[in-house]
2 protein chains.
Amino acid sequence: MANPAGQDALTITVLHGEDTPPGLSERVGDAHLRFADDTSLADALPGSDVLLTWDFTSDAVRGAWAGGADTVRWVHTASAGVDRVAFPELLASDTTLTNSRGVFDVPMAEYVLTTILAFAKDLPRSVRLQGERTWRHRETEPVAGRCAVVVGSGPIGHAITSVLRAVGLRVELVGRTARDGVHAFDALDGLLPEADFLVLAAPLTDQTRGLLHRGSIETMRDTARVVNVGRGPLIVTDDLVDALSSGRIAGAALDVFETEPLPADSALWTMDNVIVSPHMSGDIVGWRDTLVDLFAENLALFRDGRELHNVVDKARGYVSTTSGGTS
Amino acid sequence: MANPAGQDALTITVLHGEDTPPGLSERVGDAHLRFADDTSLADALPGSDVLLTWDFTSDAVRGAWAGGADTVRWVHTASAGVDRVAFPELLASDTTLTNSRGVFDVPMAEYVLTTILAFAKDLPRSVRLQGERTWRHRETEPVAGRCAVVVGSGPIGHAITSVLRAVGLRVELVGRTARDGVHAFDALDGLLPEADFLVLAAPLTDQTRGLLHRGSIETMRDTARVVNVGRGPLIVTDDLVDALSSGRIAGAALDVFETEPLPADSALWTMDNVIVSPHMSGDIVGWRDTLVDLFAENLALFRDGRELHNVVDKARGYVSTTSGGTS
């Protein structure tokens, strides 16, 4: 058992996948580090004070939690979304949950702009035509003056809004509740028919799960494109595939999927109007170091018994904009 | 012989390629239209008052000019660059030369940003990996804070500068001579080592021809990328191919080439660090209509004996920024 009094060394369990946090051992002082993967987490977790879910795609935490987590007072996830750790048993506990809000904002905003411009300028087709040594002139679209509806009004959604407005798009930002410059979630239905680009950057919650489905797609322009950098289950994938196949909407850039990695037999891989990328929109060179920095800062606060950065409002499923945060 | 007195109907020769100006016949009043292609231009030009070079890639004008152009008082080109019509005999004549400055500015700026973001976010590789159904996470680069050197300080270069600055790049703009916010051309050598992105948007003149060659490339960062939306001969292609093959620079997005269409045996087609596109950077949907609008406006001014828009400074090879213009 551990601090904040400082008498005993902390035990930190690190749930990792193929890679581990760079330089972490030099950043944790006298804490004991236990490295675990999906299969060994259940053995490692009991007796730990802190859980760092470095592999934020893992579903192993809930199972391990049931086997004994009463000593765990803080869980930190190396992602902005907390859907994999926001299970009822943890939400009902006194354990503090923090995320990596702020690390991914501008990179993700640049990524979203990249996909919007790629659609407008037909860049994926240029790449494919180049592979065939084919010179084929096409007309392109302007982006200035077009309308983007951005769902998700946290730091990522705000960063996306800023960069899209900077290049002349009109942006309608949708969040959970209405506030200055943000539409309430229930305004989304009325905004979808306006969207040339629908950008999903929302946390995965009961409210947002499956928000894009056959019915909502039906209200959209047939020239509209969807960009998803939030979480795969924001979209009912089968409905999107149908809409893209039939031309009901014009395209989709998907960085996140209901199942990751995207299965090899997914129809999305071969659709010319789809841009598939492997959950990398926020991952700029050095991102792992930045994530370790953020965890180390929070660890220092934790040792001192002070309030942590990026504490997740467990009732809402994301960091409240009124709480402290680094973003 | 013709106006401005208005007595006689004008004769306008239209040099066209595969397409002709949409709706032109309804926009020229009582003028006679002669449509000619590369091979028939020499027969059509004598006796014409006006030459509209709708096919701005044609080299046929100079040959036809020698066969009789003394009645031609105005040449208008459906492009921003005037290199194909800026031959000595026309430059020495009293014929007024106008271009289509202003039509392509913002579309080209958006196109340049698209290629810069595509390099930073590794989008062409995502497209190719998608074609192989391969999920491969990569780290990407930020563009905010990176340095772009933009060569060409006309409306296109200024539009590029604005949009790149809007997303957070530092931009150094290079023109023919130094003025407020613009470096003189001879400052380029000192700026090249700073460039993460070198953007060529200059007119093709004696000063700019071959500006990127083995020697200038040697001064650049090995992480730098080149974007050319100006004219192919701004670059010594063989030197660029060598530099891209050896990793001396990191990439190039080329929309213009020394020979267009790019020959099927060009090494550029198969280079993974090259984005080839078919001279389309400025060509948004409706661009042909906009070009006809611009010609029709100028035709009305011509009939009235008034100063035309976008008069090219024949000594410099481009529209002087102090002259009237629509951009």
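Quick caveat, the model's predicted, so the values are computed rather than measured.

Draft legend 1. How the structure looks around the pairing of strand β10 (residues 251-254) of chain B. All names here are of chain B. The alternating pattern of β10 places G251 and A253 on one face and A252 and L254 on the opposite face, and all of these are buried. Relative to β10, strand β9 (residues 225-228) runs parallel, the two sharing four bridges. From the neighbouring strand, R225 faces β10, where its bridge partner is G251. In the sheet, β10 pairs with strand β11 (residues 274-276) via three bridges, with the strands oriented parallel. The residue bridging A253 from the neighbouring strand is I275, located in β11.

Draft legend 2. View of the domain arrangement of chain A. All names here are of chain A. Domain annotation for chain A reports domain 1 (11-103 + 285-303) and domain 2 (105-276). Distance between the C-alpha centres of domain 1 and domain 2: 31 Å. Contact residues are listed per partner, giving six residues for domain 1 and seven residues for domain 2. Across the side of domain 1 that touches domain 2, the residue classes break down as one nonpolar, three polar and two charged.

Draft legend 3. Summary view of helix α6 (residues 155-166) of chain B. Residues and elements named next belong to chain B. The terminal C-alpha atoms of α6, which comprises twelve residues, lie 16 Å apart, in line with the 16 Å expected from a rise of 1.5 Å per residue. Here α6 lies mainly inside the structure; nine of its twelve residues are buried. Residues of α6 that are buried include every one of P155, I156, G157, H158, A159, I160, T161, V163 and L164, and no others.

Draft legend 4. Up close: the nonpolar core. By size, the foremost hydrophobic cluster in this structure holds 200 residues, and its most contacted members are A:I160, A:V199, B:I160 and B:V199. Look past the residues within four positions of B:V199 in its chain and what remains in contact with it is B:V112, B:A148, B:V149, B:V150, B:V151, B:I160 and B:V227.

Draft legend 5. A look at the sheet that holds β10(B). Residues and elements named next belong to chain B. The strand order β7-β6-β8-β9-β10-β11 describes an open sheet built from six strands, whose pairing is parallel. The outermost strands of the open sheet, each flanked by one partner alone, are β7 (170-174) and β11. On average, each strand axis in the sheet is inclined to that of its neighbour by 15°, with strand direction left out of account. By the bridge criterion, four bridges tie strand β6 (residues 147-151) to strand β8 (residues 197-200) in an arrangement that is parallel. Along β8, the bridge assignment pairs A148 with F197.

Draft legend 6. Structural context of the relation of the copies chain A and chain B. Once turned by 180° and shifted 0.0 Å along the axis, chain A lies on chain B with an RMSD of 0.0 Å. Viewed as a symmetry operation, the transformation between the two copies matches a two-fold axis. Nearest to the rotation axis, the C-alpha of A:A166 is located 2.7 Å from it, this being the minimum over chain A. A symmetric contact is evident, with 100% of the interface residues of chain A recurring at the interface of chain B.

Draft legend 7. The arrangement of the pairing of strand β4 (residues 74-77) of chain A in detail. All names here are of chain A. Along β4, one buried face is formed by W74 and H76 and the opposite face, lined by V75 and T77, is buried too. Sheet analysis places strand β3 (residues 50-53) next to β4, joined by four bridges and oriented parallel. Residue pairing for β4: L51 is matched across the bridge by V75. Following the backbone out of β3, through helix α2 (residues 60-66) and into the adjacent parallel β4, one traces a crossover that is right-handed.

Draft legend 8. Up close: the interface of chain A and chain B. Taken residue by residue, the interface counts 43 residues in chain A and 43 residues in chain B. Residue assignment for the side of chain A that touches chain B shows that the elements contributing at least two residues are α4 (105-120), α5 (123-131), α6 (155-166) and β11 (274-276) of chain A. No other element matches the eight residues that α4(A) contributes to the side of chain A that touches chain B. Looking at the side of chain A that touches chain B, its residues break down into 27 nonpolar, seven polar and nine charged.

Draft legend 9. Structural context of the packing of α5(A) against helix α5 (residues 123-131) of chain B. Two numbers describe how α5(A) lies on α5(B): the axes approach to 10 Å, and their chain directions differ by 65°. Looking at the two axes, α5(A) sits roughly perpendicular to α5(B). The element α5(A) and its partner α5(B) pack so that their crossing is right-handed. The segment α5(A) lies against α5(B), with A:L123, A:P124, A:V127 and A:R128 engaging B:L123, B:P124, B:V127 and B:R128. Here the contact of α5(A) with α5(B) is built from residues that sort into six nonpolar, no polar and two charged.

Cut-off values and rules
Residues numbered from 1 in each chain as written. Chains lettered and ligands numbered in written order. Predicted model: local features only at pLDDT ≥ 70, side-chain atom pairs only at ≥ 80, totals over all residues. Buried ≥ 20, exposed ≤ 12 C-beta atoms within 10 Å, placed from the backbone. Helix = DSSP H or I, 4+ residues; strand = E, 2+ residues; numbered from the N terminus. Pairing = 2+ DSSP bridges. Domains from an automatic or database assignment. Contact = placed C-beta atoms within 7 Å. Nonpolar A, V, L, I, M, F, W, Y, C, P; charged D, E, K, R; others polar. Expected span 1.5 Å × (residues − 1). Core = buried A, V, L, I, M, F, W, Y, C linked by C-beta atoms within 7 Å. Axes fitted to C-alpha atoms, helices over the stretch in contact; angles between N-to-C directions. Least-squares fit on C-alpha atoms with pLDDT ≥ 70 in both. Right-handed = clockwise from strand over helix to strand, strands pointing away. Parallel < 35°, antiparallel > 145°, perpendicular 65-115°, else oblique. Left-handed = near helix turned anticlockwise from the far one by under 90°.

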